[in-house]
Amino acid sequence: SPGEIPAMPSLHSRWHGIVDARMRARTEATASADLTRVLLRHASRLGLDARDVCRAVDIDPAALETPGARLSLARFAALWEAVASRAGDPDFGLHLGAAIVSSASGHLLLAVLRNCPTVADAIDRFFRYHDLLADIVRPEIRRGVDAVHVAWMPGSARVHRHHVEAVFSTFVTALRQVSEDRLQLETVRFRHPGSASAEHRRIFGAPVLFGEPVNEVVFARRFLALPISLASSELLRDLEALAQRQLARVSTPAAWAEKTASAISAALLGGQASGVAAVAGSLAVGSRTLQT
C-alpha cells in the first residue's frame, strides 16, 4: 500500500539505510527519497554513473522509488560524500542547491512556497514542511527590528560543508524564484572555514563570511512583506492539506514533541496564546492530530 516498502529483501540486496517513514527509530535523522534522487540526477549531469555511485555505498536505486522511503543519515552522508568526492567541483553544494530548485520544481514543498501570499508566509511554510525533504538540519528564524536572521542548526549530526552550502543555495534560490528575484541578502555566514568564490558571490549576491559562530543568511525585514504574484489561496489550502498528511507520516513522536515544545516556548516569549488550538495552528495541524 502507499507509503510502505516491500517485504524484507534478501541479504544480498542493497537496501541498507533505506527505511519506511513510519518504521524509523524515534531519533533517527533521514533524507527523503526525493532529495536522494535529485542528488543522483545531479551526479549524472556531472558525467558520473549514478548506479556506480550507489553500488559504492551499497544502495539499490530501485528502493528509492518506493513511496514513503527515506534514507538514513549515515547512508545519505556516505552517498553525498561519494558524489562530492567524484564531482571535481569546488562549489558542488552551491550548484546542487540550485539544481534542487530546478530539478524538483514540482516537489510539494516548492509548490507550497509558490502559492503563499508573501515571502514571510513562504519562509513560514518552508520551515513547517522542511522535513519533507530532510530532517538532518533544523531551520530557525529570528526577526529583528530591521533585519531577519535565518539559521540552520545541524544539532548532533556531522554535516559536510557542501551539505550546508546546498541548503543555503536551495533556500535562497527558491525564495528568489517566488519573489521574482526581488529578495536581496545582506550577509551570509558559514561556520566552516573557507573563502568566498565567484559562485558564492553570484548565487548569494552579498558578502559571504566563513568561520562564523552560526550558519545563517541575513536580509532586511522589509522583504518579508514582498507579495508572491501568482499565489493561489485555494491551491495553497489543498497543497497544505497534502503536505500535512505527508509530514505526519515522516515525523516521529520525538520530533513532534520537540516541535510542540518549541512552539509553546515561542508563544510564551511572544506573549501569545499557547493552548492546544493555538499551538496546533502554528504547526499547521488540527488539534486532534497534535494530541494524537
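Look up: the structure comes first, before these words.
This structure is a prediction, so every number in the text was calculated from the model and none was measured.

(A) Examining the overall build of the protein chain more closely. Along the backbone of the protein chain there are 12 helices and 8 strands. When burial is assessed residue by residue, the protein chain has 50% of its 292 residues classed as buried. A separation of at least 24 residues holds for 69% of the contacts in the protein chain among residues at least 6 apart in sequence. Roughly 14000 Å² of accessible area belongs to the protein chain as shown, and the carbon and sulfur atoms make up 54% of that amount.

(B) How the structure looks around the sheet that holds strand E5 (residues 147–153). On the basis of which strands lie adjacent, the open sheet formed by 5 strands has the order E4-E5-E8-E6-E7 and mixed pairing. Only two strands of the sheet have a single partner each, and these edge strands are strand E4 (138–143) and strand E7 (208–209). Bridge analysis of strand E6 (residues 185–189) against E7 gives 2 bridges, and the strand direction is parallel. Directly across from Arg189, in E7, lies its bridge partner Leu209. In this fold helix H6 (residues 119–128) packs onto E4, E5 and strand E8 (216–220), with an angle of close to 150° to the strand it touches most, E4.

(C) Fine view of helix H3 (residues 73–87). For H3, built from 15 residues, the straight-helix expectation of 21 Å at 1.5 Å per residue is met to within 8% by its first-to-last C-alpha distance of 21 Å. Looking at H3, one finds that the buried residues are Phe76, Leu79, Trp80, Ala82, Val83, Ala84 and Ala87. On its buried face, H3 sits against strand E2 (30–32), helix H1 (33–45), helix H2 (50–56), strand E3 (69–72), helix H4 (92–103) and helix H7 (161–178). Of the residues flanking the end of H3, it is Gly88, one or two places downstream, whose phi is positive at about 65°.

(D) Inspection of empty space enclosed by the protein at higher detail. This model, assessed by the stated rule, comprises 1 cavity of 30 Å³ or more. Approximately 180 Å³ is the volume found for the largest cavity. Lining the largest cavity are 15 residues, and of these Leu35, His130, Leu133, His163 and Val167 lie nearest its centre. If you list the elements that add at least two residues to the lining of the largest cavity, you get H3 and H7. Looking at the lining of the largest cavity element by element, the count peaks at 4 residues for H7. When its residues are assigned to classes, the lining of the largest cavity shows 12 nonpolar, 3 polar and no charged.

Parameters and conventions
Residues numbered from 1 in each chain as written. Predicted model: local features only at pLDDT ≥ 70, side-chain atom pairs only at ≥ 80, totals over all residues. Heavy atoms only, no water. Helix = DSSP H or I, 4+ residues; strand = E, 2+ residues; numbered from the N terminus. Buried < 20%, exposed > 50% of the residue type's maximum accessible area, 1.4 Å probe, protein only. Contact = heavy atoms within 4.5 Å. Areas by Shrake-Rupley, 256 points an atom, 1.4 Å probe, with all protein chains shown as cover. Pairing = 2+ DSSP bridges. Axes fitted to C-alpha atoms, helices over the stretch in contact; angles between N-to-C directions. Expected span 1.5 Å × (residues − 1). 1 Å grid on protein atoms, 1.4 Å probe; cavity = no way out; pocket = protein on both sides within 12 Å on 5 of 7 lines; lining within 4 Å. Points joined across faces, edges and corners; volume = space filled by probe spheres on them. Nonpolar A, V, L, I, M, F, W, Y, C, P; charged D, E, K, R; others polar.

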